[in-house]
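# Observations on the model geometry
Chain by chain, the residues:
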Amino acid sequence: MAQSQAEDDVFDEFLSQRGYETSDAGWEDNYNKKQCPDCGGLHDADATHCTVCGWSPV
């Protein structure tokens, strides 16, 4: 069951008030490569999805 945007906002506010990071996940930088935040796979700078685990920023 999909959550509504309002439910997501309430949940994010709850977490952020307790010190948790609630920003959207994105690529991590590793020298001149992109690193997948899920599996740690390294990719070229022009990558749009992880070829190791399939993750992509939404």
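Since we're looking at a predicted model, the values are computed, not measured.

### Some details on the overall build of the protein chain
Looking only at helices and strands, one finds 1 helix and 3 strands in the protein chain. What you see in the protein chain, going N to C, is helices and strands ordered as α-β-β-β. Looking at the protein chain residue by residue over its 58 residues, the buried ones come to 16%. Long-range contacts, defined here as pairs at least 24 residues apart, represent 10% of the contacts in the protein chain between residues at least 6 apart. When the accessible surface of the protein chain is split by element, carbon and sulfur atoms take 48% of a total near 4800 Å².

### Comments concerning the packing of aromatic side chains
Using the criterion set out here, one finds 1 aromatic pair in the structure. Both rings, one in W27 and one in W55, keep their centres 5.1 Å apart while their planes meet at 90 degrees; by these two values the pair is edge-to-face. Placement of the pair is W27 in the loop between α1 (5-17) and β1 (28-30) and W55 in the segment after β3 (42-43), with a sequence separation of 28 residues. For the pair W27 and W55, a shared accessibility class is recorded, and that class is buried.

### So, the nonpolar core
Residues W27, C36, A47, C50 and W55 constitute the largest nonpolar core, which totals 5 residues. Among residues more than four places away in sequence, those in contact with W55 are A25, G26, W27, C36, P37, D38, H49 and C50.

### Quick word on the environment of W55
Given a relative accessible area of 13%, W55 falls into the buried group. Taking the C-alpha atoms as reference, W55 lies 9.9 Å from G26; in sequence the two are 29 residues apart.

### Notes on the sheet that holds β1
Reading across the sheet, the 3 strands line up as β1-β2-β3 and stay open at both edges, with antiparallel pairing between neighbours. Because the sheet does not close on itself, it has two edges, and the strands there are β1 and β3. Looking at chain direction, β1 and strand β2 (residues 33-35) are connected through 3 bridges and run antiparallel. Note on β2: the bridge partner recorded for E28 is Q35.

Each value, and the rule that gives it
Residues numbered from 1 in each chain as written. Predicted model: local features only at pLDDT ≥ 70, side-chain atom pairs only at ≥ 80, totals over all residues. Heavy atoms only, no water. Helix = DSSP H or I, 4+ residues; strand = E, 2+ residues; numbered from the N terminus. Buried < 20%, exposed > 50% of the residue type's maximum accessible area, 1.4 Å probe, protein only. Contact = heavy atoms within 4.5 Å. Areas by Shrake-Rupley, 256 points an atom, 1.4 Å probe, with all protein chains shown as cover. Phe/Tyr/Trp six-rings, centres within 6.5 Å; stacked < 30°, edge-to-face > 60°. Core = buried A, V, L, I, M, F, W, Y, C linked by side-chain atoms within 4.5 Å. Pairing = 2+ DSSP bridges.

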